[in-house]
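Single-letter residue listing:
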Amino acid sequence: MKLSDKIRIIRKARCLTQEQLGYRLSRVNENGISRQTISDWENGNFEPKLENIRDLADALNVSFDALLDETINLDNDQVLHKVLNKETINKTDSNQIKSSINYSLAVIIF
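The rules behind these values
- Residues numbered from 1 in each chain as written.
- Predicted model: local features only at pLDDT ≥ 70, side-chain atom pairs only at ≥ 80, totals over all residues.
- Heavy atoms only, no water.
- Patch = residues over 30% accessible without salt bridge, like charges linked within 9 Å, V, L, I, M, F, W, Y side chains within 5 Å.
- Areas by Shrake-Rupley, 256 points an atom, 1.4 Å probe, with all protein chains shown as cover.
- Salt bridge = Lys/Arg side-chain N within 4 Å of Asp/Glu carboxyl O.
- Helix = DSSP H or I, 4+ residues; strand = E, 2+ residues; numbered from the N terminus.
- Contact = heavy atoms within 4.5 Å.
- Lys, Arg positive; Asp, Glu negative; His and termini not counted.
- Charge placed at Lys NZ, Arg CZ, Asp CG, Glu CD.
- Buried < 20%, exposed > 50% of the residue type's maximum accessible area, 1.4 Å probe, protein only.
- Core = buried A, V, L, I, M, F, W, Y, C linked by side-chain atoms within 4.5 Å.
- Arc of directions from axis to C-beta.

Caption draft 1: Just a nonpolar patch on the surface, in detail. The grouping of Leu50, Phe64 and Leu68 at the surface amounts to a nonpolar patch, some 270 Å² of accessible area in total. Within the fold, leucine 68 resides in helix 5 (residues 64–68).

Caption draft 2: Main features of the side chain of serine 4. By the element assignment, serine 4 lies in helix 1 (residues 3–13). In this view, serine 4 contacts Trp41, Glu42 and Gly44; residues no more than four positions away in its chain are not counted.

Caption draft 3: How the structure looks around a negative patch on the surface. Where like charges cluster on the molecular surface, the negative patch consists of Glu47, Asp65, Asp69 and Glu70. Here aspartate 69 lies in the loop between helix 5 and helix 6 (77–84). Aspartate 69 gets classed as partly exposed once you look at its relative accessible area, which sits at 32%.

Caption draft 4: Spotlight on the pattern of salt bridges. In this structure the tally under the stated criterion is three salt bridges. Among the salt bridges present, the one from arginine 8 reaches aspartate 5, with a minimum N-O distance of 3.4 Å. Here arginine 8 pairs with aspartate 5, and both are found in helix 1, just three residues apart, close to one helical turn. Arginine 8 sits in the partly exposed class, given a relative accessible area of 23%.

Caption draft 5: Focus on the nonpolar core. Residues Ile10, Leu21, Leu25, Leu56, Val62, Leu67 and Val83 are the most contacted members of the largest nonpolar core, which totals 23 residues. Elements with a minimum of two residues in this core: helix 1, helix 3 (35–42), helix 4 (50–60), helix 5 and helix 6. A total of five residues in this core trace back to one element, the largest contributor, which is helix 4.

Caption draft 6: Geometry of helix 1. Every buried residue of helix 1 is listed here: Leu3, Ser4, Lys6, Ile7, Ile10 and Arg11. For helix 1, the angular spread of the buried residues around the axis is 160°, confining them to a single face. The inward-facing, buried residues of helix 1 abut helix 2 (18–24), helix 3, helix 4, helix 5 and helix 6. Directly beyond the C-terminal end of helix 1, a positive phi value near 60° is found at cysteine 15.

Caption draft 7: Representation of the environment of valine 79 in the model. Here valine 79 lies in helix 6. Note on valine 79: relative accessible area 4%, which makes it buried. Along the sequence, valine 79 and asparagine 90 sit 11 residues apart, while their C-alpha atoms lie 9.8 Å from each other.

Next up, the structure:
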């Protein structure tokens, strides 16, 4: 999953507006990060700098790895819950997700 999607999903799960998230990132830039910049990050227009990603993880209260690991798919509620609670996500979680998707597709096909 792309970083841009993760930022949006986690921000919304934390009930933050783009403006509120930008304000939380104000320690990066004395004027804060604009709502437009947050929007650009979420829409994939450009990616935040590494230092901004670190600060995003802090502002969103998630691990740095959760934002950067593209194998973590936050479309799954169980995985999202683990990310929001800073729980370890392992391959078993990913395999269970893939298995449930494959099973669902098999039921639909047959």
